[in-house]
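Survey of secondary and tertiary structure
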Amino acid sequence: MFYHSDDPAFRKIIDDFILSSINGDKTLSFAIKNIDLAAAKKGVSFYHMMFILIQRTSLENKKRNG
């Protein structure tokens, strides 16, 4: 579990995720661009935005699954 978006291991996972999408799924590339745009609008880094989205999704899944 990561506690901050500046964790080097977290950043490595996100970097690997981005690199895997370069020649792959167009939907995934589109989502990454939208996340980057949302991060810019909020004035946070792409990594921080990803961290927020992952936390939000994790909490929603915990609520749904009890």
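Residues numbered from 1 in each chain as written. Predicted model: local features only at pLDDT ≥ 70, side-chain atom pairs only at ≥ 80, totals over all residues. Heavy atoms only, no water.

Quick look at the side chain of S5 now. Tracing the backbone through its elements, the reader meets S5 in the segment before helix 1 (8-21). Looking at S5, its side chain comes within polar contact range of the side chain of H48, at 3.3 Å. In contact with S5, other than residues within four places in its own chain, are F10, R11, Y47, H48 and F51. (Helix = DSSP H or I, 4+ residues; strand = E, 2+ residues; numbered from the N terminus. Polar contact = N/O pair within 3.5 Å; in protein donor to acceptor, adjacent residues only side chain to side chain. Contact = heavy atoms within 4.5 Å.)

Roughly 160 Å³ of internal volume is contained in the largest pocket. For the largest pocket, the full set of lining residues is M1, F2, F10, F51, I54, Q55, S58 and L59. At five residues, helix 3 (residues 46-65) tops the list of elements feeding residues into the lining of the largest pocket. Of the residues belonging to the lining of the largest pocket, the class tally is six nonpolar, two polar and no charged. (1 Å grid on protein atoms, 1.4 Å probe; cavity = no way out; pocket = protein on both sides within 12 Å on 5 of 7 lines; lining within 4 Å. Points joined across faces, edges and corners; volume = space filled by probe spheres on them. Nonpolar A, V, L, I, M, F, W, Y, C, P; charged D, E, K, R; others polar.)

Since the α-helix advances by 3.6 residues per turn, residues separated by three or four positions end up pointing in the same direction. Between its first and last C-alpha atoms helix 2 (residues 26-42) spans 24 Å; for 17 residues at 1.5 Å apiece the expected length is 24 Å, and the two agree. Along helix 2, the positions that sit buried rather than exposed are S29, I32, I35 and A39. Buried residues of helix 2, seen end-on, are gathered within an arc of 120° and therefore sit on one face of the element. Seen from the open side of helix 2, the exposed residues pointing more than 90 degrees away from its buried face are K26, T27, F30, K33 and K41. Buried residues in helix 2 make contact with helix 1 and helix 3. One or two residues past the end of helix 2 sits G43, with phi positive at roughly 75°. (Expected span 1.5 Å × (residues − 1). Buried < 20%, exposed > 50% of the residue type's maximum accessible area, 1.4 Å probe, protein only. Arc of directions from axis to C-beta.)

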